[in-house]
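Chain by chain, the residues:
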Amino acid sequence: METIIAVNQLCKSYLSGGQSLRVLDHIDLQVRRGDFISLMGPSGSGKSTFLNIIGTMDAPDSGEIVIAGQNVTRMPETQLALFRQKHIGFVFQFHYLLPEFTIEENVAMPLMIGGTRRPEALKTAREILDYLGVADRGHHYPAEISGGEKQRAVVGRALINRPDILLADEPTGNLDKKSGQRMLELFKKIQKDFSQTFFLVTHDEHIAAIADINYQLDNGKLSKII
Ligand SMILES: Nc1ncnc2c1ncn2[C@@H]1O[C@H](COP(=O)(O)OP(=O)(O)O)[C@@H](O)[C@H]1O
Ligand SMILES: [Mg+2]
């Protein structure tokens, strides 16, 4: 299978109390298309930093990152914005839906931003909401639906551009146990149906249990959990 994420000797440090803290210390990682990857590690170990760099939201101090065959390490921001739109889907715990738009409109938003006409974008959004089991929520506003339904809509919005990678930071973090479990089943189904690559940061043992490969980040180093 094709390599979809290639990370080479990645380093990232932050200044903390006058000292340099190396959060990512010469990290290498290769992810194949269709893999379901989990990333665990203590709080403050740099998981979100790593995820944001893979998502091209943040830049490393040194090292290289290649996504879907394109070296994004030194890509200018205008180009990166387009790249993200096309290749990366984000599901963050606090990635809120826009309250003044319906669920359908929220899910269709990335397509409309990309230039797809509204009726066509809304039609695609409805198809995705149907696939996600929340077809009947399309005309509701975010405030009118449950947390689990909102998270499904966020997943729909992340998927609508058919991204190469789906990134999520603690996707089940603010869901109750049952909704969290259903979300994971949905992720597994999406992986299977679309050969979708997942890269998930989590503390949730259930996610680790369903992932193909589990990584741990600690003291700047990445290791496989076996
Ligand atoms: N923008 C920033 N400026 C300074 N320090 C930061 C910044 N972002 C993160 N850090 C620090 O880097 C470390 C890793 O943060 P983070 O990636 O959020 O960890 P995790 O997601 O594993 O909890 C933490 O010590 C945090 O305080
Ligand atoms: Mg974090």
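In case you missed it, the structure is sitting above this.
Residues numbered from 1 in each chain as written. Chains lettered and ligands numbered in written order. Predicted model: local features only at pLDDT ≥ 70, side-chain atom pairs only at ≥ 80, totals over all residues.

A. Seen up close, the sheet that holds strand β8 (residues 197–201). The six strands lie next to each other as β6-β7-β8-β3-β9-β10, forming an open sheet whose pairing is mixed. Only two strands of the sheet have a single neighbouring strand rather than two, namely β6 (88–92) and β10 (221–225). The mean angle between the axes of side-by-side strands here comes to 20°, regardless of whether they run parallel or antiparallel. One ladder, built from five bridges, connects strand β7 (residues 165–169) with β8; its direction is parallel. Bridge pairing in β8 links L166 to F198. Together, β3 (36–40), β7, β8 and β9 (213–218) form the strand contacts of helix α1 (residues 47–54), whose direction differs from that of β8 by roughly 150°. (Pairing = 2+ DSSP bridges. Helix = DSSP H or I, 4+ residues; strand = E, 2+ residues; numbered from the N terminus. Axes fitted to C-alpha atoms, helices over the stretch in contact; angles between N-to-C directions. Contact = placed C-beta atoms within 7 Å.)

B. Local environment of the packing of helix α5 (residues 147–159) against helix α6 (residues 177–194). Contact pair α5 / α6: the axes reach a minimum separation of 10 Å and the direction vectors enclose 25°. Comparing their axes, α6 and α5 come out roughly parallel. The chirality of how α5 crosses α6 is right-handed. Facing α5, whose interface residues are G147, G148, Q151 and V155, α6 presents S179, R182, M183 and L186. (Parallel < 35°, antiparallel > 145°, perpendicular 65-115°, else oblique. Left-handed = near helix turned anticlockwise from the far one by under 90°.)

C. Representation of the sheet that holds strand β4 (residues 62–67) within the structure. The strand order across the open sheet built from four strands is β2-β1-β4-β5, with neighbouring strands paired in antiparallel fashion. Every other strand in the sheet has two partners, leaving β2 (19–32) and β5 (70–71) as the edge strands with one partner each. Pairing between strand β1 (residues 3–16) and β4: five bridges, direction antiparallel. Paired with I5 across the bridge in β4 is I67. The strands touched by α1 are β1, β2 and β4; relative to β1, the strand with the most contacts, the crossing angle is about 130°.

D. The arrangement of helix α4 (residues 118–131) in detail. With 14 residues, α4 extends 20 Å between its outermost C-alpha atoms, agreeing within 8% with the 20 Å of an ideal straight helix rising 1.5 Å per residue. Taken residue by residue, α4 has A121, A125, I128 and L129 as its buried positions. Looking straight down α4, one finds its buried side chains confined to an arc of 100°; they lie on one side. Exposed residues pointing more than 90 degrees away from the buried face of α4 are listed as P119 and E120. Of the residues flanking the end of α4, it is G133, one or two places downstream, whose phi is positive at about 80°. (Expected span 1.5 Å × (residues − 1). Buried ≥ 20, exposed ≤ 12 C-beta atoms within 10 Å, placed from the backbone. Arc of directions from axis to C-beta.)

E. Examining the pairing of β10 more closely. Bridge count for β9 against β10 is five bridges, and the pairing is antiparallel. Paired with D218 across the two strands is K221, which belongs to β10. Counting the residues that bridge the hairpin from β9 to β10 gives two residues, and of these N219 lies at a positive phi of roughly 55°.

By themselves, these observations are geometric and do not establish any function.
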